[in-house]
Amino acid sequence: MSAESAAAASASEPILETRGLSVDFGGLKALDGLDLAVYPGEIVSVIGPNGAGKTTLFNAITATVAATEGDILFEGESLIGLDPNRVTSRGIARTFQNVRLFANMTVLENVMVSQHCRTSQNVIGALLYTKAFRREEEEIRRRGVEVLSFFGHRLVGYRFDQPAFTLSYANRRRLEIARAMATQPKLILLDEPVAGMNPTESTELTGLIGRLRDEWGYAIVVIEHDMGVVREVSDRVVVLDHGTKIAEGDYADVSVDPQVVEAYLGHDAAAAS
Ligand SMILES: Nc1ncnc2c1ncn2[C@@H]1O[C@H](COP(=O)(O)OP(=O)(O)OP(=O)(O)O)[C@@H](O)[C@H]1O
Ligand SMILES: [Mg+2]
């Protein structure tokens, strides 16, 4: 196969696929036989009521909970049995519903340490402060500055040296995305990225999600309850309820699907959309 035809073929292959994915917690099926595909360059939103299994899906993909049944494929290869660090180094990064940062580290240190999955120098190199170690450290710093600059003025300049705990809530959420970007992923999973943000911040971040795909080339899966954001960013919407997919398609179709309206949106929301 030529390089071009290989590229064309791979463009039509999913970057991420779950096949019959189930996650049981005791007697509870948080995910129940889920089939899902995400293609390169796509932004897919996952919506559904509280407890539908959305975060569990991210946890299973990133190996923080074990799949009970089924398979998860990334670029055609199974992720089952890998530990979370291996999943990150394969090219999947995520943010959390409740922000997770190193609160006492500075903004710049936060995006530097998140690159550890990409670094090659070992402890000896660090102790001896070898030339190769210094070169790599400079590169890590450069990449850290680059991902922070994506958020405009908000996380740069004097902010580099501020501990993460001093940041505003919205900036902490931005920093978490920057940490995900710093791992050099191909796929980013965003768990309710605008939750708790005010409308201005939410609109700004919605624009940034589109730019993450357009300018950085990531495929993106976003869990979001804010339907304005879902409408704005999604190429495709997947609706979960009780761990199963109850609908999938364009925002316009999914938002008027009777089952989705019944399970999640409610009749008022559907009338308003
Ligand atoms: N580690 C766990 N141990 C036991 N039960 C869990 C665990 N994680 C999730 N659950 C349960 O699995 C179900 C799905 O939870 P999940 O967090 O995936 O829902 P969600 O769709 O993300 O909901 P929300 O919109 O509220 O964030 C819920 O009933 C939840 O209580
Ligand atoms: Mg959740």
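Our subject in this report is the structure included herewith.

Rules of the game
Residues numbered from 1 in each chain as written. Chains lettered and ligands numbered in written order. Predicted model: local features only at pLDDT ≥ 70, side-chain atom pairs only at ≥ 80, totals over all residues. Heavy atoms only, no water. Pairing = 2+ DSSP bridges. Helix = DSSP H or I, 4+ residues; strand = E, 2+ residues; numbered from the N terminus. Axes fitted to C-alpha atoms, helices over the stretch in contact; angles between N-to-C directions. Contact = heavy atoms within 4.5 Å. Parallel < 35°, antiparallel > 145°, perpendicular 65-115°, else oblique. Donors = N, O, S within 2.8 Å, 3.2 Å for Na, K, Ca; no water. Core = buried A, V, L, I, M, F, W, Y, C linked by side-chain atoms within 4.5 Å. Buried < 20%, exposed > 50% of the residue type's maximum accessible area, 1.4 Å probe, protein only. Domains from an automatic or database assignment.

Taken in spatial order, the 6 strands make up an open sheet running β6-β7-β8-β3-β9-β10, and their pairing is mixed. The outermost strands of the open sheet, each flanked by one partner alone, are β6 (92-94) and β10 (244-249). Across the sheet, the axes of successive neighbouring strands diverge by a mean angle of 20°, strand direction being ignored. For strand β9 (residues 236-241) and β10, the ladder comprises 5 bridges, and the chain directions are antiparallel. Residue V239 lies in a different strand from β10, and its bridge partner there is A247. Relative to the sheet, helix α2 (residues 54-61) contacts β3 (43-47), β6, β7 (187-191), β8 (219-223) and β9, its axis offset from that of β7 by approximately 145°. The strands touched by helix α7 (residues 169-182) within the sheet are β6 and β7, with β7 carrying the most contacts at an inclination of about 160°.

Quick look at the pairing of strand β2 (residues 28-38) now. The sheet contact formed by strand β1 (residues 16-25) and β2 spans 7 bridges and is antiparallel. Bridge pairing in β2 links L21 to L34. Following β1, the chain reverses through 2 residues before pairing antiparallel with β2; G26 in that reversal takes a positive phi of roughly 60°.

Right, let's talk about the packing of α7 against helix α8 (residues 199-216) for a bit. The interhelical angle for the contact between α7 and α8, taken along N-to-C directions, is 10°, at an axis separation of 12 Å. On the basis of the axis angle, α7 is roughly parallel to α8. In this structure, α7 uses A170, R174, I177 and M181 to contact α8, whose residues at the interface are E201, E204, L205, L212 and W216.

Distances from the magnesium ion (ligand 2) to its protein donors, T55 (OG1) and Q97 (OE1), fall within 2.0 to 2.2 Å. Linking T55 in helix α2 with Q97 in the loop between β6 and α4 (107-113), this pair joins segments that are 42 residues apart in sequence.

In terms of nonpolar packing, the biggest core is built from 36 residues, with V111, L148, F151, L175, M181 and I220 touching the most fellow members. Breaking this core down by element, the ones donating at least two residues are α4, α6 (131-149), α7, β7, α8, β8 and α9 (227-233). It is α7 that contributes the most residues to this core, 7 residues altogether. Mapped onto the domain boundaries, this core takes at least three residues apiece from domain 1 (14-91 + 187-273) and domain 2 (101-184). When neighbours within four sequence positions are excluded, M181 is seen to be in contact with V147, F150, F151, I188, L212, W216 and Y218. Of all hydrophobic cores here, the second largest spans 28 residues; its members include V38, L57, A60 and L187.

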